[in-house]
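Inside the fold
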Amino acid sequence: RGLCAKESTYVQKCTRDTNPHEWAVFSKMDINHDGTITMAEIKDMCRKHDIDIMADVICKYLDDDGSGKINFDEFCAHYDMIQMARKSARLKQWHRTYGLGVAGNVAGHMEQAGEADKKEEGVDDKTMPPEGQKRPAAIFTFYAPHPHSVDESADEVLHRLEAFPVATAVIEYPKAGGHVQVEPEMGMYADIVYSADGSKVERLVPRKVAAFNDCSIRKLDGADKLSMKKNWGSSSKGISIRSFPITSLDPGTLVDQLVLTSYIKSGPNHVGDAITTPKGAIVKYSEDAPARNYMLFGPALLDWIVDRINFQEDTDKW
């Protein structure tokens, strides 16, 4: 990653190529795409992240010359402030929250991405339900900020899953493993209602849905749990800033109108590439698929997740 450095009278400019992570966030904040960020655009970011209280402090910190505008060089020089603000906003939203995923709940949207004939990592013939029984394979954890009831010490659990993995602009490539795959899914925020004695989960109450990138490592030596391929640290998952408030997953409600669709923007071509897509071209990544096309959806999915939370055992990949 590039660094802005000043040596005598020469200043190395920050660019999209030298600072791709900063550029991704800068581009999201630069609403009118004029190459600068105004105080109004900074405040808009704070509003979207529900951190309005930090807006004036961030504006004062970034605007060194008092011009009222921030160029990309200034943005990179103070990126630590932006990064801290955005991460604190996500942690605020995910306070007292666990991240659970559903393995094998296909919606038919990955055919174009070339994944239609591949099973979820960790899903095999022994863990898939008998033919004719439409249910996913299991649930898995991708974020657990506190120890939970598995046969491991608290330190082992936290070391693997306590790192907050969710980002809104950039996915960090893992330091180990390979074949990282983008997995566009529907993410749901829900409240957990426990039984009166606190011994089990009674039900889930849906609150909102958002676009979610369940990014995964396809190959990772020594990984005996699917969760190890789902959380490799900060920014290993993606979620949209925009979300849709809901009160249920019942047929006929908003979720019946939602469609999974995704695109990728191509990077530079490399010598020897079989397919040459122009740099910056936006290409369709997955087939459009209504969210209701998930193998299991609606109230039945919520009931199934509750059952798995209460009764799924620590076996095999789960």
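Predicted, not measured: the structure shown is a model, and the values here were computed from it.

With that settled, the discussion passes to the pattern of salt bridges. Counted by the stated rule, this structure contains 12 salt bridges. Of the charged contacts, one joins D191 and R207 as a salt bridge, the two residues approaching to 2.6 Å between their closest N and O atoms. Of this pair, D191 sits in strand 9 (residues 184-194) while R207 sits in strand 10 (residues 201-213), and the two are 16 residues apart along the sequence. Where E202 meets R203, a salt bridge forms, and the shortest distance between an N and an O atom there is 3.3 Å.

So, on to the sheet that holds strand 12 (residues 237-245). Spatial strand order, 7-12-10-9: 4 strands in an open sheet with mixed pairing. Only two strands of the sheet have a single partner each, and these edge strands are strand 7 (166-167) and strand 9. Two elements, strand 10 and strand 12, share 5 bridges in a ladder whose sense is antiparallel. What sits directly across from F212, in strand 12, is I239. Packed on one face of the sheet, helix 7 (residues 299-311) meets strand 9 and strand 10 and runs near 115° to strand 10.

So, about the nonpolar core. Within the largest apolar cluster, 23 residues are counted, with the highest numbers of intra-cluster contacts made by M29, I42, I58, F75 and I82. Of all the elements, helix 5 (residues 79-93) adds the most residues to this core, at 5 residues. Excluding residues that lie within four positions of it along the chain, I58 makes contacts with I42, M45, C46, M81, I82 and A85. Core analysis: the second largest hydrophobic core is formed by 20 residues, M186, L258, A291 and V306 among them.

Moving on: the confidence of the model for the protein. This prediction gives the protein a mean pLDDT of 79; 80% of its residues lie at or above 70. Here strand 1 (residues 6-7) stands out as the least confident element of the protein, with mean pLDDT 38; helix 7 is the most confident, with 95. Confidence drops under a pLDDT of 50 for residues 1-11, and excluding neighbours within four residues, the segment shows 16 contacts in the predicted structure. Note on residues 112-131: pLDDT is under 50 here. Beyond four places in sequence and across chains, it has 41 contacts.

This model, assessed by the stated rule, comprises 9 aromatic pairs. Each residue in the set W23, F26, F72, F75 and Y79 is aromatic and connected to the rest through ring pairs, giving one cluster. Directly above the ring of Y189 sits K208, whose terminal nitrogen or CZ lies 4.6 Å from the centroid. The lysine or arginine in question, K237, covers the ring of F142, its NZ or CZ lying 5.8 Å from the ring centre.

Definitions and cut-offs
Residues numbered from 1 in each chain as written. Predicted model: local features only at pLDDT ≥ 70, side-chain atom pairs only at ≥ 80, totals over all residues. Heavy atoms only, no water. Salt bridge = Lys/Arg side-chain N within 4 Å of Asp/Glu carboxyl O. Helix = DSSP H or I, 4+ residues; strand = E, 2+ residues; numbered from the N terminus. Pairing = 2+ DSSP bridges. Contact = heavy atoms within 4.5 Å. Axes fitted to C-alpha atoms, helices over the stretch in contact; angles between N-to-C directions. Core = buried A, V, L, I, M, F, W, Y, C linked by side-chain atoms within 4.5 Å. Buried < 20%, exposed > 50% of the residue type's maximum accessible area, 1.4 Å probe, protein only. pLDDT = per-residue confidence, 0-100. Phe/Tyr/Trp six-rings, centres within 6.5 Å; stacked < 30°, edge-to-face > 60°. Lys NZ or Arg CZ within 6 Å of the ring centre and 35° of its normal.

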